[in-house]
Protein chains: 2
Amino acid sequence: VTNPILVPEIRELLATDSLDVLREFVQSSHPETVAELLSALEPGEIWQVLSKLDPALASEIFVRFEDDIQVEVVDPLDRKALAWLVTDMASDERVDLLKRIPEEKQHALLPALAKAEREDIRRLASYKEGTAGSVMTTDYATLPPSITARDAIDQLRVAAPDKETIYYAYVVDETRKLLGFVSLKDLILARPEQRVEELIYRDALSAQADEDQEVAARMLSKYGLLALPVVSAEGALVGIITHDDAMDVLAQENTEDLEKLMAIGGSHEAGAYLRTPSWIHFKNRCGWLILFAALGLISGAIVQNYEGLLLQFAVLATFMPMMADTGGNTGSQSATLVVRALALGEIKTSDLFRVLFKELRVALMLAIVLAVLCFGRVWLLGSGSTAAAGTSPNRIGLAVAVALGLQVITATLVGALLPIGAAKLKLDPAVVASPALTTIVDITGLLIYFSTAHLILSG
Amino acid sequence: VTNPILVPEIRELLATDSLDVLREFVQSSHPETVAELLSALEPGEIWQVLSKLDPALASEIFVRFEDDIQVEVVDPLDRKALAWLVTDMASDERVDLLKRIPEEKQHALLPALAKAEREDIRRLASYKEGTAGSVMTTDYATLPPSITARDAIDQLRVAAPDKETIYYAYVVDETRKLLGFVSLKDLILARPEQRVEELIYRDALSAQADEDQEVAARMLSKYGLLALPVVSAEGALVGIITHDDAMDVLAQENTEDLEKLMAIGGSHEAGAYLRTPSWIHFKNRCGWLILFAALGLISGAIVQNYEGLLLQFAVLATFMPMMADTGGNTGSQSATLVVRALALGEIKTSDLFRVLFKELRVALMLAIVLAVLCFGRVWLLGSGSTAAAGTSPNRIGLAVAVALGLQVITATLVGALLPIGAAKLKLDPAVVASPALTTIVDITGLLIYFSTAHLILSG
């Protein structure tokens, strides 16, 4: 995609009122491309461009701006201009915008809209953030089961301009209960007089409106659907989630999981790294850091508790960082694999023992390899010049190697256990973040290290 | 979705040769559901079921099995049975399967296929893993620019059974150069005698066949497309990536990024945690662990180097783990945010200084808060009973707080710098994994800690 018109040129076109050139450029490009280009203009200028367009196109471009630009553009608009913009907007995008503008502005706007739209907004706004209902659109096509394929295509043709997709049409009875769906492809392939009820996929997958948006998006992805119908508790069709919105949901959930794993808090909806103010970044990162720093002092207390041993065998200090790091690394690895497998539905919490058994086998292999290498290193290069009298490098090597092996096994099992435990408690497995785990296995690691060393060296 | 028929019942149906019941169940369910259920059977039984079905349906179910089940099912098949299965298979899935079976079997199969199919396989197999070409399908619909909407719909109707989608049709000239695309929706909305060239989106987005699959999938996602055309270096259409394959690519890339961040190596295509043998898990995790454990010894050497200072001010050992942990945590946080922002295209490597400036501001805030809290902790609770004579708790507190602040700033900047540096060197930013970073800032942290303590306490 090339951008034939650049910002100064757009300003020039606005100044000289060359609307035809402007319209032609906007109509020949993808709305996403137009929105990206216009983002570089001032909010007032953006509105100048949008207001010259057909409202359907204007709103299609508008919804592709970053959230903060959307708010800046609508901020100075009066009720009439705002109503013009939102009337043709996709129903899910419209509700998202309204949630972002000040409440008095929302209340001022609603009377300017048609009754059906007001009710649509009220209904959509009632679903909690993060549910399937909050990401669905109500711009879907429905068909009764009894009409013919020919009539169905005619109905879809009429409905098309207002719908997000006509490639799937949902078949409902008089009470709006979802019976199934037909694809436009099947309608086109059918004999014109065939009835919709003969073509219907009856076992249509659907999501409950109050279900987690991630579960719904993963279902759509797994079955390769263009859209997933969303139903009420009574089984009535209330909306659809389209494939592009599902992709957005999954991208957002992935970012969220990753940030949770690194103990970064806060909402990640906006997601734009550079646009997020520094103090928000600070706020999202600060809390956990303080907690883990405080917990780090427990490790420190353990070190201080074994001061006597450290003074006697000063060489033990050399292996302390390695012991802590390796525990953190092995634990984070197994926690990450388990968190991801849970997120993708590859394992369930009931698989706890299968997972622990698998991790135990991996941990034993890792422990043996690392312990042997560690012993070899001490044996080959000596343990350092300050080894206390009364111990051999072999004995130091044995102590360090045994402790490292035990630490790897403990850390791996803790790393696998904690996310599954969190999931069993209905917590997000990713809250057992890598820093939390590192801090925990730091403590266990130092305890293992000093007690093993005490047993082997002072024995 | 309910599973009305369970494994023992399927075995019963096979034993009693009740083909009609079996067929009816298979046809009334989504192929994904059928594949999931059949996965519980033995490979031989799976083949028994599939061979009783229409080949198009059999292959649609077959491609939804896990990779290893696919291989087990086709392993005992003769050339004729294998040809029956793969002839109707989607072109991208067929190549993936062939890549997985032994070479002599591939060579035995090819002569049993039609010439067009052999060439299609040869062409698709030539694209390297991870490129747009390797995930595209050749089952797309094309139209010449000059025909009418009515004729176009007729052509698509005829082509539909063999195509992955007919909702987008790609318009090509006689040399197969991609001119743009038309949607079935626009064809249906158009007057029947309107020509395709009037309806075409000329600025169609496309990917190069040798481009990164992730770039192509993100483009499709960003623009909310159903499919993205893939072109050769000469601009000729060679395939399309469909939205469901793009979702799979993004899920795979997300897993890969996450695992790289945690220093887990290996290929992640299969992705199934429990199916992957323990020794493969071991192999994927072992290498980096050994490297980081070895690097951990550098931190140990630093500790040993400052043995004198530690003996004089034994209380310093208490704060050592906190110093290392906090550096690792802050560094991992900023590295994670930068890796994710790079992956989503929110920042480019040329934004280096904007990113560093932003991270510096965040780091200063974090450093001040953590340093003040740390000083307060030492000041309030004392630094421990073993503080050496000649220093006040205030002085110890000052040394620890200053060192912690400097460590937070260093670690944050290193965490932001390394992934962008890796990207500039055309490496994957995620290779600067959290364990690598932890190990690096462990070393810088201890150096900062001991030199600060030396300056303030021994001065």
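Look a little higher up for the structure.
Presented here is a report on the structure given in the accompanying data block. (Residues numbered from 1 in each chain as written. Chains lettered and ligands numbered in written order. Predicted model: local features only at pLDDT ≥ 70, side-chain atom pairs only at ≥ 80, totals over all residues. Heavy atoms only, no water.)

With that settled, consider the overall build of chain A. Each helix and strand in chain A was counted, giving 22 helices and six strands. Radius of gyration (C-alpha) of chain A: 31 Å, far over the 23 Å computed for a compact globule of 459 residues. Partitioning the contacts of chain A with sequence separation of at least 6, the portion at a separation of at least 24 is 68%. In the form shown here, chain A has an accessible surface area of approximately 19,200 Å², with 57% of it arising from carbon and sulfur atoms. (Helix = DSSP H or I, 4+ residues; strand = E, 2+ residues; numbered from the N terminus. Rg over C-alpha atoms; globule rule 2.2 N^0.38 Å. Contact = heavy atoms within 4.5 Å. Areas by Shrake-Rupley, 256 points an atom, 1.4 Å probe, with all protein chains shown as cover.)

All names here are of chain A. In this structure, R176 is a non-glycine residue whose phi angle is positive, near 65°. Looking at where R176 falls in the secondary structure, it is placed in the loop between β2 (165–172) and β3 (178–183). Using a relative accessible area of 36% as the deciding quantity, one classes R176 as partly exposed. (Buried < 20%, exposed > 50% of the residue type's maximum accessible area, 1.4 Å probe, protein only.)

Take helix α16 (residues 243–261) of chain B next. All names here are of chain B. A rise of 1.5 Å per residue sets the reference length of α16, with its 19 residues, at 27 Å; its end C-alpha atoms lie 27 Å apart and thus fit the reference within 8%. The buried count for α16 comes to 14 of 19 residues, which makes it a mostly enclosed element. At the exit of α16 stands A263, carrying a positive phi of roughly 60°. (Expected span 1.5 Å × (residues − 1).)

Before going further, it helps to examine the packing of aromatic side chains. All names here are of chain A. Evaluation of the coordinates by the stated rule reveals 17 aromatic pairs over all chains. Geometrically, the ring pair formed by W47 and W84 is edge-to-face, given 5.8 Å between the ring centres and 90° between the ring planes. One end of the pair, W47, is in helix α4 (residues 43–50); the other, W84, is in helix α7 (residues 79–87), with 37 residues separating them in the sequence. Relative accessible area serves as the criterion here: at 17%, W47 is assigned to the buried category. Seen from their ring centres, Y449 and F450 are 5.4 Å apart, and the 45° between their planes marks the pair as tilted. Of the residues examined, Y449 reaches a relative accessible area of 1% and is grouped as buried. (Phe/Tyr/Trp six-rings, centres within 6.5 Å; stacked < 30°, edge-to-face > 60°.)

Core analysis: the biggest nonpolar cluster contains 188 residues, and I61, L184 and L187 of chain A together with L50, I61, L184 and L187 of chain B have the highest contact counts within it. When residues of this core are assigned to their parent elements, the largest contribution, seven residues, is made by β2 of chain A. Those residues in contact with I61 of chain B that sit more than four places away from it in its chain are V26, P31, V34, A35, L38, L50 and L53 of chain B. F313 of chain A together with V400, I443 and A453 of chain B belong to the second largest nonpolar core, which has 78 residues in total. (Core = buried A, V, L, I, M, F, W, Y, C linked by side-chain atoms within 4.5 Å.)

In this assembly, 111 residues from chain A lie in contact with 112 residues from chain B. Note on chain A versus chain B: buried area summed over both sides is about 9,900 Å², and carbon and sulfur give 67% of it. Joining chain A to chain B, the criterion identifies four salt bridges. The salt bridge involving E36 of chain B is made with K222 of chain A; its shortest N-O contact spans 2.5 Å. Viewed at the interface, chain B and chain A are joined by 20 residue pairs in polar contact (both at pLDDT 80 or more). For the side of chain A that touches chain B, the element with the most residues is helix α19 (residues 316–343) of chain A, which contributes 18 residues. Split by residue class, the side of chain A that touches chain B holds 58 nonpolar, 30 polar and 23 charged. (Buried area = accessible area lost by both parts, 1.4 Å probe. Salt bridge = Lys/Arg side-chain N within 4 Å of Asp/Glu carboxyl O. Polar contact = N/O pair within 3.5 Å; in protein donor to acceptor, adjacent residues only side chain to side chain. Nonpolar A, V, L, I, M, F, W, Y, C, P; charged D, E, K, R; others polar.)

As a further point, take the state of the cysteines. Such a bond, covalent and formed between the sulfur atoms of two cysteines, is termed a disulfide. Taken as a whole and assessed by the stated rule, the structure comprises zero disulfides over all chains. Free of any disulfide, C286 of chain A has its nearest neighbouring cysteine sulfur in C374 of chain B, separated by 14 Å. Owing to a relative accessible area of 8%, C286 of chain A belongs among the buried residues under this scheme. (Disulfide = S-S within 2.5 Å.)

Our focus in this paragraph is the side chain of T438 of chain A. Relative to the assigned elements, T438 of chain A resides in helix α22 (residues 434–458). You can call T438 of chain A buried: its relative accessible area is 16%. In this structure, T438 of chain A is in contact with G328 and S332 of chain A together with D325 of chain B, ignoring residues within four places of it in sequence.

Turning our attention to a nonpolar patch on the surface. Side chains of F357, L360 and L364 of chain A sit close together on the surface and give an oily, nonpolar patch of about 260 Å² of accessible area. Of note, F357 of chain A is situated in helix α20 (residues 352–381). (Patch = residues over 30% accessible without salt bridge, like charges linked within 9 Å, V, L, I, M, F, W, Y side chains within 5 Å.)

The transformation that overlays chain A on chain B combines an axial shift of 0.0 Å with a rotation of 180°, and the residual RMSD is 0.1 Å. Between the two chains, the operation in question is that of a two-fold axis. When the interface residues of chain A are mapped onto chain B, 100% of them are again interface residues, pointing to one common binding face. (Least-squares fit on C-alpha atoms with pLDDT ≥ 70 in both.)

Remark: α22 of chain A packs on helix α19 (residues 316–343) of chain B, axes separated minimally by 10 Å, with the N-to-C direction vectors making an angle of 155°. When the interaxial angle is binned, α22 of chain A and α19 of chain B end up roughly antiparallel. Considering the relative orientation of α22 of chain A and α19 of chain B, their crossing is right-handed. Residues P435, T438, T439, D442 and L446 of chain A of α22 of chain A form the contact with α19 of chain B, whose participating residues are P321, D325 and N329 of chain B. Residues that form the contact of α22 of chain A with α19 of chain B fall into these classes: three nonpolar, three polar and two charged. (Axes fitted to C-alpha atoms, helices over the stretch in contact; angles between N-to-C directions. Parallel < 35°, antiparallel > 145°, perpendicular 65-115°, else oblique. Left-handed = near helix turned anticlockwise from the far one by under 90°.)

In this fold, E214 of chain B is placed in helix α15 (residues 213–222). Apart from residues no more than four positions distant in its own chain, E214 of chain B is found in contact with V249, L250, E253, D257 and A343 of chain B.

All names here are of chain A. Judged by pairing direction, the sheet is mixed, and its three strands sit side by side in the order β1-β2-β3 without closing on themselves. Because the sheet does not close on itself, it has two edges, and the strands there are β1 (140–143) and β3. Neighbour-to-neighbour, the strand axes of the sheet open up by a mean angle of 35°, direction not taken into account. As paired elements, β2 and β3 share five bridges and run antiparallel to each other. Across the sheet, V171 pairs through a bridge with G180, a residue of β3. Against the sheet, helix α12 (residues 149–159) touches β1 and β2, its axis set at about 155° to β1. (Pairing = 2+ DSSP bridges.)

Among the secondary structure elements, L178 of chain B is positioned in strand β3 (residues 178–183). Those residues in contact with L178 of chain B that lie beyond four places of it in its chain are Y170, V171, V172, S206, P229, V231, G235 and L237 of chain B.

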